[in-house]
Amino acid sequence: MRPNGRPPEAPRDIEVEFHVQGDVLAQGEDPPRARRRWPSLPWLRNRRVLLGAAVVLAFALTAYVAFQAGGGGAETAKPRPSASASPSPSGPPTVAQIYAAVAPSVVTIQAMDGDTVAATGTGVVASAEGIILTANHVVEGAGAIRVVFADGTQVAAKVAQADPAIDIAALAPEGLPDVLVPAVIGNSERLAVGNTVIAVGNQLGLTSSATAGVVSGLQRTASNPDGTKLTGLIQFDAAVNPGSSGGPLLNAKGETIAIVVALANPTSAGTFVGVGFAVPIGAALGAGGGDQAPQQ
């Protein structure tokens, strides 16, 4: 069948002509017997016309059947392909997909002074029991601590373990939401300068903000306001600001590979100038008592 749906025409190099007008013949003469037996009978001439038409029709049908069978019989007809689902897209997740996956694990930390919120920061659920990792300076010296989960559940929390030397604290909440979603823990030892990272936190009071950048350096040292040093830090350029402290730093797979603890402050403004620092997740889990092992 042709693409337009019509059967093919008979090959043009085969022409069938019939000369049956009266007794006019083609070249040469018919045998005398033929002239005596069929001098000029109209029904005979009509019979020849019908016979010729039948030959043309038979040839056309034969060509059509051969074409339908697969190009003259050289190949068998192939079945049409059946519909199938499109393959799933491959490759690493997008920043939007990473944010959607980790957002239920990110919490707001409120350091309370009586009924007043004295300071805010960020935390991340690091275990199935609800242990929350955050920056120690967010909760240090707080009269009380309140945790706000992603679904809006608010509960009191206590410091279960802390290591001021690396500015990490682990909080034990007094209650949990109906659905608890721990973060997926990655391996910070595989990081290299230039790797993609995403920071999620409550910078400047803007809850659950996501920013993206790259690893800018490894094994960095930063100074605390009290003059102590934080060492072995990951340097990155995803935007962080006051309120981001304690939030997760994620790799391109959406795994938590560090906890944000500091940003460079060359001025008194205290805002982000392109340099942030985070404690590798292995060290943070060791200091905070988290029970998740980094992904190998």
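What you see is a predicted model, and the numbers here were worked out from it, not measured in a lab. (Residues numbered from 1 in each chain as written. Predicted model: local features only at pLDDT ≥ 70, side-chain atom pairs only at ≥ 80, totals over all residues. Heavy atoms only, no water.)

For the rest of this paragraph, the subject is the overall build of the protein. Counting secondary structure elements, the protein contains five helices and twelve strands. For the protein, contacts bridging at least 24 residues in sequence account for 59% of all contacts bridging at least 6. (Helix = DSSP H or I, 4+ residues; strand = E, 2+ residues; numbered from the N terminus. Contact = heavy atoms within 4.5 Å.)

Of all hydrophobic cores here, the largest spans 34 residues; its most connected members are Ile109, Ile132, Leu133, Val147, Ile168, Leu171 and Val261. If we ignore the near neighbours within four places in the chain, the residues touching Val261 are Ala135, His137, Ile166, Asp167, Ile168, Leu230, Leu233, Ser245, Phe277, Ala278 and Val279. By size, the runner-up hydrophobic cluster in this structure holds 14 residues, among which are Ala238, Val240, Leu249 and Leu263. (Core = buried A, V, L, I, M, F, W, Y, C linked by side-chain atoms within 4.5 Å. Buried < 20%, exposed > 50% of the residue type's maximum accessible area, 1.4 Å probe, protein only.)

A few words now on the sheet that holds strand S7 (residues 196-201). Around the barrel, six strands lie side by side as S7-S8-S9-S12-S11-S10; this closed barrel has antiparallel pairing. With direction set aside, neighbouring strand axes in the sheet form an average angle of 50°. When S7 meets strand S8 (residues 209-223), the two strands line up antiparallel, connected through six bridges. Across the sheet, the residue bridging to Val197 is Gly213, located in S8. Its contacts with the sheet put helix H3 (residues 95-102) on S7, S8 and strand S10 (248-250), and the angle it makes with S7 is roughly 40°. (Pairing = 2+ DSSP bridges. Axes fitted to C-alpha atoms, helices over the stretch in contact; angles between N-to-C directions.)

A word on the pairing of strand S5 (residues 154-163). Pairing of strand S4 (residues 144-148) with S5, which is carried by four bridges, proceeds in the antiparallel orientation. What sits directly across from Arg146, in S5, is Ala156. Inspection of the sheet shows S5 paired to strand S6 (residues 168-173) by six bridges, in the antiparallel sense. In the sheet register, Gln161 faces S6, and the bridge partner there is Ala170. Between S5 and S6, which pair antiparallel and follow one another directly, the connecting turn spans four residues, one of which, Asp167, has a positive phi of 60°.

Along any regular strand, the residues point their side chains to alternate faces of the sheet. Where strand S1 (residues 106-113) lies against strand S2 (residues 116-125), eight bridges are found, and the strand directions are antiparallel. Bridge pairing in S2 places Ile109 opposite Gly121. Between the end of S1 and the start of S2, which pair antiparallel, lie two residues, with Gly114 showing a positive phi angle near 70°. Between S2 and strand S3 (residues 132-135), which pair antiparallel and follow one another directly, the connecting turn spans six residues, one of which, Gly130, has a positive phi of 95°.

Moving on, we come to the environment of Ile257. On the secondary structure map, Ile257 appears in strand S11 (residues 256-263). Relative accessible area serves as the criterion here: at 0%, Ile257 is assigned to the buried category. C-alpha of Ile257 to C-alpha of Ala278: the two residues are 21 residues apart in sequence and 9.1 Å apart in space. Not counting chain neighbours up to four residues away, the residues in contact with Ile257 comprise Gly186, Asn187, Ser188, Leu191, Ile234, Leu249, Leu250, Asn251, Val279, Pro280 and Ile281.

The next thing to look at is the sheet that holds S3. If you walk around this closed barrel you meet the six strands as S1-S2-S3-S6-S5-S4, and the pairing is antiparallel. The mean angle between the axes of side-by-side strands here comes to 40°, regardless of whether they run parallel or antiparallel. Alignment of S3 against S6, held across four bridges, turns out to be antiparallel. For Ile132, the partnering residue across the bridge sits in S6 and is Leu171.

Moving on to the environment of Leu133. Turning to its location among the elements, Leu133 is positioned in strand S3. Put simply, Leu133 and Val106 are 27 residues apart on the chain and 9.9 Å apart in space, counted from C-alpha to C-alpha.

Take the confidence of the model for the protein next. With 67% of its residues at a pLDDT of at least 70, the protein reaches an overall mean of 79. Predicted confidence is poor over residues 1-6, with pLDDT under 50, and the contacts of this stretch with residues over four places away or in other chains come to eight contacts. Of the regions scoring below 50 in pLDDT, residues 31-41 engages in six contacts with residues more than four places distant in sequence or in other chains. (pLDDT = per-residue confidence, 0-100.)

As for its placement among the helices and strands, Thr256 is situated in strand S11. The exposure class assigned to Thr256 is buried, which follows from its relative accessible area of 1%. The residues contacting Thr256, other than those within four sequence positions of it, are Ala183, Val184, Ile185, Gly186, Pro248, Leu249, Leu250 and Ile281.

Turning our eyes to something else, we now look at the side chain of Asn241. Counting through the fold element by element, Asn241 comes out in the loop between strand S9 (229-236) and S10. The class of Asn241 is buried, set by a relative accessible area of 11%. Among the polar contacts made by the side chain of Asn241, one reaches the side chain of Gln203 at a distance of 2.8 Å. Setting aside its immediate chain neighbours within four residues, Asn241 contacts Gln203, Leu204, Leu263, Thr271 and Phe272. (Polar contact = N/O pair within 3.5 Å; in protein donor to acceptor, adjacent residues only side chain to side chain.)

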